[in-house]
Amino acid sequence: MRNGYTVTYQMRKRQRQRRQKIIGYVLKIAAAVLIAFLIVRFVCFSYTIQGDSMMPTIENGEKHLVNRLIYHIKGPSRYDVIVFKLDDDASSSYYVKRVIGLPGETVQIKDGKIYVDGKAAKNYSDESISSPGVASEEITLGSNEYFVLGDNYSNSEDSRSAGIGNIKRSNIIGKVSIKYWPWG
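Owing to the predicted nature of the structure, the values given are computational and were not obtained by experimental measurement.

### Here we look at the pairing of strand β4 (residues 95-101)
If a strand is regular, its side chains alternate between the two faces of the sheet.
Thought 1: With seven of seven residues buried, β4 is to be regarded as a mostly interior element.
Thought 2: The pairing of β4 with strand β9 (residues 145-149) spans three bridges and is antiparallel. The residue of β9 that forms the bridge with Val99 is Val148.

Below, the structure is given as structure tokens:
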């Protein structure tokens, strides 16, 4: 009788251990899914570049992760590539451009070059800017405004255009960070 009791006890013990192991795996998977959801929801999201306005730096069809959290910690820096929406149209698409002018600065495009507070800014294209748009005259940015340009100066709708203009910080979604497709 004692042997039967021991075998039954041993079987129940193994079954209990298996259940605990399965519950442990299920909890780990649930935690991983929850963490992934929180990261995608609050920290970053995937964005597919549409158009050629950021050529040659970023090409049409590339997929990048956009860091949403960074600008809650600090403001955009000069030359960051950002994703933003226009404030006047909730259904508008996202734009991807490079920050050139920061709040309080003066931006002007003359002789095919960008000037910030009278000093030449870094150029991300070999071509000169043939169409300065509204930036042909000095533009002074407000306390929460940014001046953005696409790297493909001849094929970019950006802050030079009256339809886009200066970008408010509240309209900036995040910073373009990691390219994950295509590889290389």
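### Points about the sheet that holds β9
Thought 1: Pairing within the open sheet is antiparallel, and its seven strands lie in the order β1-β2-β11-β3-β4-β9-β10. Strand pairing shows two members of the sheet lacking a second neighbour, β1 (44-48) and β10 (167-168), which therefore form its edges.

### Some remarks on the packing of aromatic side chains
Thought 1: Under the definition given, this model contains four aromatic pairs.
Thought 2: With 5.9 Å between their ring centres and 40 degrees between their planes, Phe45 and Tyr94 make a pair best called tilted. Here Phe45, found in strand β1, pairs with Tyr94, found in the loop between β3 (81-84) and β4; they are 49 residues apart in sequence, far enough to count as distant.
Thought 3: Here Phe45 falls in the buried class, since its relative accessible area comes to 10%.
Thought 4: Assessed through its relative accessible area of 34%, Tyr94 is described here as partly exposed.
Thought 5: Of note, Lys85 hangs over the ring of Tyr94, and the distance from its end group to the ring centre comes to 5.1 Å.
Thought 6: A cation sits over an aromatic face here: Arg98 above Tyr124, 3.6 Å from the ring centre.

### Digging into the sheet that holds strand β5 (residues 106-110)
Thought 1: Taken in spatial order, the four strands of this open sheet run β7-β6-β5-β8, and their pairing is antiparallel. Whereas interior strands pair on both sides, the edge strands pair on one side only; in this sheet they are β7 (119-120) and β8 (139-140).
Thought 2: Bridge analysis of β5 against strand β6 (residues 113-116) gives four bridges, and the strand direction is antiparallel. Each residue of the ladder has a partner; that of Lys110, found in β6, is Lys113.

Reading guide: rules and limits
- Residues numbered from 1 in each chain as written.
- Predicted model: local features only at pLDDT ≥ 70, side-chain atom pairs only at ≥ 80, totals over all residues.
- Heavy atoms only, no water.
- Buried < 20%, exposed > 50% of the residue type's maximum accessible area, 1.4 Å probe, protein only.
- Helix = DSSP H or I, 4+ residues; strand = E, 2+ residues; numbered from the N terminus.
- Pairing = 2+ DSSP bridges.
- Phe/Tyr/Trp six-rings, centres within 6.5 Å; stacked < 30°, edge-to-face > 60°.
- Lys NZ or Arg CZ within 6 Å of the ring centre and 35° of its normal.

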